[in-house]
Structure formats: C-alpha cells, structure tokens
Amino acid sequence: MDFRFTPKEEALRKQFDEFYREEMKNAPPEWGTSFEAIYGSDECWEFHKQTARKLGARGWLSRPWPREYGGEDAPLIEQFIFSEVQGYHRGAGVDPLGVSVLAPSLLVSGNEEQKRQHLPPMARGERFWCQCWSEPGSGSDLASLSTRAVRQGDDYIVDGQKIWTTGAHRADWCNLLARTDPSQKRSRGLSFFLLDMKTPGITVCPIRSMEGSHMFNEVFFDNVRIPARNRVAEENQGWIASQMSSNFERSMINVFSFCKREMEELVEFCQETVIGGKSLAHNPFIRHRLAQLAIEVEAGRSFAYSVVWSQIRLGLVAAGPMAAAAKVMATELNQRLSYLGCQIMGLYGQVKESRWALLQGKFEKDYQLCVGLNMGGGTSEVMRNLVCSLGLGLPRSW
Ligand SMILES: Cc1cc2nc3c(=O)[nH]c(=O)nc-3n(C[C@H](O)[C@H](O)[C@H](O)COP(=O)(O)OP(=O)(O)OC[C@H]3O[C@@H](n4cnc5c(N)ncnc54)[C@H](O)[C@@H]3O)c2cc1C
C-alpha cells in the first residue's frame with residue numbers, strides 16, 4: 001500500500017493551501033466553524049460569496065464534474081484533497097447545499113436543460129441553494145413528509161411547511177421534496193423540485209440556534225407555483241432522484257482536517273498558558289487527553305483516506321456503510337474535541353469579547369454548534385443503523 005500522493009496531487013494541495021492561507025486572512029472576525037460562519041451575519045455571507053466566486057474562477061468548485069457543465073472531469077481524489085485543505089482552513093466559498101449536495105444529484109437525475117441551467121452558475125460560485133426536505137413531523141423518517149405539490153396545467157401548486165432549512169434566508173434557489181401522490185405509500189409518492197426562492201408564496205422565518213446565530217429557518221409554502229419543467233425525474237420518483245449522487249466523495253475528510261486544526265490550536269494554547277509557574281502542557285491529565293485526541297484525529301484521517309479509496313475502487317454504493325461510519329466518527333470526534341477544549345479552558349473559556357476571554361470563547365461556542373453536526377444529514381443513530389443493515393447485513397430496524 002502506498003500512502004503517498006502523486007507530484008501532481010501534491011502540487012494541487014499546495015495551490016489550494018496557499019489560496020486558503022491568504023484568503024482566510026480577510027475573513028470577518030466573527031467567521032466561525034460551522035454553518036453559522038456562512039449564514040450568521042451579512043459580513044460573513046458577503047465574504048463567503050466573494051470567496052465562492054474566486055474558487056469558481058479557478059474551477060475548484062466543480063473539478064470532478066463533466067466539462068460541459070463547468071467541471072474538469074478531474075479524479076475524485078483531487079476533490080478529496082481540496083476538501084481536506086478547505087476543512088483545515090475552515091475555508092469559505094463552498095456552498096454546502098449546492099455544489100456539495102444538490103449538484104451530485106442533478107448530475108445523475110437532472111435532465112439536460114436543468115443541468116445547463118443550474119450547474120454552470122454553481123460552478124462559478126454565483127448561485128446558492130438550500131434544501132427544503134425536513135418537516136416538523138418528518139426528519140429521520142423523511143419519507144413520511146406531507147408537504148403537497150398538486151399538478152395544475154404546466155405547474156405544480158405547493159402547500160406545506162419545512163423546518164431546519166439551513167441558509168433559506170440567504171439562498172437563491174431551493175431543492176424541495178414534496179408529496180405528489182398521497183395515495184402511494186411513503187417514498188413512492190414523492191417528487192423532487194428546483195424552486196426559485198423569490199417565487200411568491202414562500203415565507204422564511206428564522207430559528208435561532210442555542211448559541212444565538214441564525215442558520216436555520218422554517219419555510220412556509222402557501223400556493224407556491226412551480227413550473228413542471230423544474231421537476232427533477234419523473235413524477236413520484238423524487239425519492240430515488242434526490243438520493244442519487246455520483247462522483248462525489250463522502251469521506252468527511254473536511255471534518256477530520258478541521259479537527260486536526262482545532263487540536264493544533266488547543267495544543268498551542270496548552271503550551272503557552274502558564275498556571276502556577278508551569279504551562280498546562282506539563283499537566284499529566286491534559287497531556288493524556290491531548291495524546292488520545294491526536295490518536296483519534298490521525299485514525300479518523302486515515303479512515304477518511306480509506307473511504308475515498310473504496311469510493312474510487314468499489315463505487316459510492318459499496319462504500320456507503322463506510323461513509324456512514326465516517327460521519328459518526330468525524331462528528332463524534334468533533335464533539336469530544338470541543339468538550340475537551342471547554343474542560344481545559346474552564347469557566348474563562350465561556351467568556352467572549354473581554355480581556356479575560358480564552359480564545360474568544362471559541363471552544364464553548366463550538367461545543368454548542370457541534371451537537372447539530374451529529375444530526376444534520378442524518379443522525380448518528382441513523383448512520384449506525386446503516387452500518388448495521390448495509391455493512392453488517394443485520395435486519396433493518398425500521
Ligand atoms: C445542523 C443541521 C442542519 C440541518 N439542515 C437541514 C437542511 O438544510 N434541510 C433540511 O431539510 N433539514 C435539515 N436539518 C434537519 C435534519 O435533517 C434532521 O434534524 C434530522 O434528519 C433528524 O430529524 P429530526 O430532527 O426530526 O429528529 P427525529 O427524526 O425526530 O429523531 C429524534 C431522535 O430519534 C432518533 N431516531 C430516529 N429514528 C431512529 C431510528 N430508526 N433508529 C434509531 N434512532 C432513531 C434520532 O437519531 C434522534 O436522536 C438539519 C439539522 C441540523 C442539526
């Protein structure tokens with residue numbers, strides 16, 4: 001087994017790294033570590049958009065896509081390297097619900113007109129998306145959703161409510177799952193739509209997260225008209241279309257590299273902080289905890305490498321249980337890391353905007369934010385169920 005990257009891949013890594021090292025110097029002071037960084041303030045959102053356009057001009061948002069839609073047909077491993085660098089720098093500019101989530105589905109399930117309309121603006125970093133899937137009664141059990149889309153001539157009329165819609169207050173477009181046939185059971189009666197957020201009848205209401213930022217929203221649809229040409233795939237086939245994606249890595253490498261960076265900052269803090277004449281780095285309890293963290297970060301990183309290797313060699317479906325395992329591993333590691341940061345900093349770690357604040361209260365804020373990462377995109381329990389049923393061949397639990 002050879003763990004080295006090729007000279008071309010190393011050169012790319014250097015380019016990505018140099019870009020983000022410079023770019024993130026311009027980030028607003030409140031730029032954070034999760035979705036709150038992108039959507040939380042007007043300044044952060046502007047910075048995110050500017051960076052997206054710079055990435056778009058370099059072709060880095062869409063490297064694995066086919067050339068005709070703004071991509072470069074680049075190998076998956078190059079996308080992986082970009083994600084690792086981006087995660088390490090907490091880099092702006094990658095639309096998490098657009099280029100990362102919708103585009104792969106559209107590449108497989110969209111028709112030619114839809115691909116030509118939406119993929120190039122995403123590749124240029126000019127069009128931003130949100131995902132209107134979850135509802136108050138339908139999260140893990142998404143197939144039970146009840147928002148209705150009723151065919152009327154060349155349009156569909158949509159009525160219903162979505163919740164936890166990340167970035168709906170910023171997005172230009174949303175991808176929507178709605179029920180087109182209530183007589184069909186669960187996922188079989190759902191359709192998948194692309195919807196301009198400026199369409200009359202859409203109301204976006206903020207939900208504040210527990211650390212105070214505005215990332216999430218409720219979205220209400222009242223007689224919203226969607227042209228039928230904006231339906232992706234056949235009517236009632238939306239479930240399969242929305243779940244399909246090709247040529248995209250799902251290794252969580254960006255979360256592992258983000259954890260690596262956070263760990264480095266924590267180590268630096270312990271080296272520099274002197275209590276009772278000795279730096280925290282001398283404290284045996286702290287040393288052991290940092291060593292454990294370093295082991296987990298390195299193990300996670302190696303696991304992400306093996307996930308992407310499996311995706312390249314065996315395909316996305318075969319590597320599905322590994323990708324689910326990587327999500328559990330990465331998001332739970334992130335939680336342990338934030339918790340350790342809070343423990344080491346003690347009560348001063350909770351203080352912000354004061355000379356007494358330790359790292360501007362960053363770890364305490366991260367601890368509140370990281371809870372959500374375990375849930376978004378599928379909870380740890382649901383991911384473990386996938387590992388059981390798809391990976392271990394155990395019976396499904398639901
Ligand atoms: C950071 C973040 C971003 C999000 N962004 C979006 C977004 O942009 N668009 C969107 O549509 N949604 C979004 N969501 C919603 C997210 O998809 C749901 O929160 C998630 O699917 C869980 O659904 P729920 O909150 O309704 O919890 P529930 O499904 O009610 O689950 C409650 C608890 O029960 C457990 N559970 C449920 N079913 C099972 C089972 N079969 N076996 C074992 N345990 C089970 C869950 O793991 C969880 O602990 C986001 C959520 C978060 C936290």
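Residues numbered from 1 in each chain as written. Predicted model: local features only at pLDDT ≥ 70, side-chain atom pairs only at ≥ 80, totals over all residues. Heavy atoms only, no water.

### Topic: the overall build of the protein
Spelled out, the test is: Strands here mean DSSP runs of E at least two residues long; helices mean DSSP runs of H or I at least four residues long; both are numbered from the N terminus. Burial here depends on accessible area, computed with a 1.4 Å probe over protein chains only, as a share of the maximum for the residue type. Under 20% is buried, over 50% is exposed, and the range in between is partly exposed. We call two residues in contact whenever any of their non-hydrogen atoms come within 4.5 Å of each other.
Looking only at helices and strands, the protein has twelve helices and ten strands in total. Based on the C-alpha atoms only, the size of the protein along its principal axes is roughly 80 × 45 × 45 Å. Going through the 398 residues of the protein one by one, you find that 52% of them count as buried. Sequence-distant contacts, at least 24 apart, represent 72% of the contacts inside the protein between residues at least 6 apart.

### Focus on the site of the ligand
For clarity, the cut-off: One heavy atom within 4 Å of a molecule or strand makes the whole residue count as near it. Distance and chemistry together define a polar contact, namely a pair of N or O atoms within 3.5 Å, with one atom able to donate a hydrogen and the other to accept it when in protein, and with adjacent residues in sequence counting only for side-chain atoms on both sides. Only the protein chains shown count as cover for residues, and all accessible areas are computed by the Shrake-Rupley method using a 1.4 Å probe. For this scheme, ten residues count as nonpolar: Ala, Val, Leu, Ile, Met, Phe, Trp, Tyr, Cys and Pro. Four count as charged, namely Asp, Glu, Lys and Arg, and the remainder, Gly too, count as polar. Each domain's limits were defined by an automated method or a database of domain assignments.
Near the ligand there are 15 residues, and of these Ser134, Ser140, Thr166, Thr379 and Glu381 occur at the shortest range. At a separation of 3.2 Å, a nitrogen atom of the ligand approaches a polar backbone atom of Trp164. In this structure, Glu381 approaches the ligand through a side-chain N or O atom, which is 2.6 Å from an oxygen atom. For the ligand, the accessible surface in isolation is 970 Å², of which the surrounding protein chains cover 68%. In the shell around the ligand, the residues fall into five nonpolar, nine polar and one charged. No fewer than three residues from each of domain 2 (130-241) and domain 3 (253-391) sit in the shell around the ligand.

### Re the domain arrangement of the protein
Rules: Defined in terms of a 1.4 Å probe, buried area is the accessible area two parts forfeit on being brought together, summed over both. Think of a salt bridge as a Lys or Arg side-chain nitrogen and an Asp or Glu carboxyl oxygen that are within 4 Å of each other.
We note that the domain assignment places domain 1 (7-127), domain 2 (130-241) and domain 3 (253-391) within the protein. Summarising the inter-unit geometry, the C-alpha centres of domain 1 and domain 3 are found 23 Å apart. Counting residues at the interface gives 14 residues for domain 1 and 19 residues for domain 3. At the boundary of domain 1 with domain 3, total buried surface from both sides reaches about 1,500 Å², with 61% on carbon and sulfur atoms. Looking at the side of domain 1 facing domain 3, the largest losses of area belong to Phe80, Tyr88 and Arg90, adding up to 40% of the total buried there. At the surface where domain 1 touches domain 3, the tally comes to four salt bridges. Of the charged contacts in the structure, one is a salt bridge between Glu265 and Arg90, with a shortest N-O distance of 2.9 Å. At the boundary of domain 1 with domain 3, the tally comes to ten residue pairs in polar contact (both at pLDDT 80 or more).

### Some remarks on the side chain of Ser209
Along the chain, Ser209 falls in the loop between strand E6 (202-208) and strand E7 (214-227). For Ser209, a relative accessible area of 14% puts it in the buried group. Side-chain polar atoms of Ser209 contact the side chain of Glu211, separated by 2.5 Å. Apart from residues lying up to four places away in sequence, Ser209 is in contact with Met215 and Phe216.

### Considerations on the pairing of E7
Stated precisely, the cut-off is as follows: The rule for pairing is simple: two strands pair if DSSP sees at least two bridges between them.
Of the strand pairs in this sheet, strand E3 (residues 155-162) and E7 are connected by seven bridges, and their pairing is antiparallel. Bridge pairing links Asp155 to Pro227 in E7. Taken together, the seven bridges between E6 and E7 define a ladder with antiparallel strand orientation. Note that in E7 the partner of Val204 across the bridge is Val219. Remark: five residues form the turn of the hairpin made by E6 and E7, two consecutive strands paired antiparallel; Gly212 in that turn has positive phi of roughly 105°.

### Notes on the side chain of Thr51
Mapped onto the fold, Thr51 is located in helix H3 (residues 42-58). Looking at Thr51, the relative accessible area reads 0%, which means it is buried. Thr51 has contacts with Phe19, Tyr20, Glu23, Ala92 and Gly93, leaving out every residue within four places of it along the chain.

### Thoughts on helix H8 (residues 253-272)
Convention followed: Expected helix span is given by 1.5 Å per residue-to-residue step, counting one fewer step than there are residues.
Under the 1.5 Å per step criterion, the end-to-end length of H8 is 29 Å for 20 residues, consistent within 8% with the ideal 28 Å. Those residues of H8 lying buried are Ile253, Val255, Phe256, Ser257, Phe258, Cys259, Glu262, Met263, Leu266, Phe269 and Cys270. Buried residues belonging to H8 abut helix H4 (76-88), strand E10 (278-279), helix H9 (284-314), helix H10 (320-345) and helix H11 (362-375).

### Some details on the packing of helix H1 (residues 7-23) against H4
Relative orientation and spacing of two packed helices are given, respectively, by the angle between their axes and the distance between those axes. As a reminder, the rule being used: To get an axis, fit a line to the C-alpha atoms, keeping to the stretch in contact for a helix; angles then go from 0 to 180 degrees between the N-to-C directions. When describing relative orientation, an angle under 35 degrees is termed roughly parallel and one over 145 degrees roughly antiparallel, while 65 to 115 degrees is termed roughly perpendicular and anything else oblique. In this scheme the crossing of two helices becomes right-handed for a clockwise turn of the near helix relative to the far one and left-handed for an anticlockwise turn of less than a right angle.
Viewed as axis vectors pointing N to C, H1 and H4 meet at an angle of 30°, and their least axial separation amounts to 9 Å. The angle between H1 and H4 falls in the class roughly parallel. Regarding H1 and H4, the two cross each other, and that crossing is right-handed. Here Lys8, Glu9, Leu12, Arg13, Phe16, Asp17 and Tyr20 of H1 come into contact with H4, specifically with Ile77, Glu78, Ile81, Phe82, Glu84, Val85 and Gln86. Residues of the contact of H1 with H4, tallied by class, amount to seven nonpolar, one polar and six charged.

### A closer look at the pattern of salt bridges
Think of it this way: side chains of opposite charge can pair up when their charged atoms draw near. Going through the model one piece at a time under the given rule, you end up with 30 salt bridges. Between Asp17 and Arg21 there is a salt bridge, and its shortest N-O distance comes to 3.1 Å. Here Asp17 and its partner Arg21 are both found in helix H1, four residues apart, which amounts to about one turn of the helix. Look at Arg21 and you get partly exposed, because its relative accessible area is 45%. A salt bridge links Lys198 to Asp196; the nearest nitrogen and oxygen atoms lie 3.4 Å apart. Lys198 sits in the exposed class, given a relative accessible area of 65%. Judged by its relative accessible area of 21%, Asp196 falls in the partly exposed class. Look at the salt bridges and you will find they share partners, linking Arg90, Arg261, Glu262, Glu265, Lys362 and Asp366 into a network.

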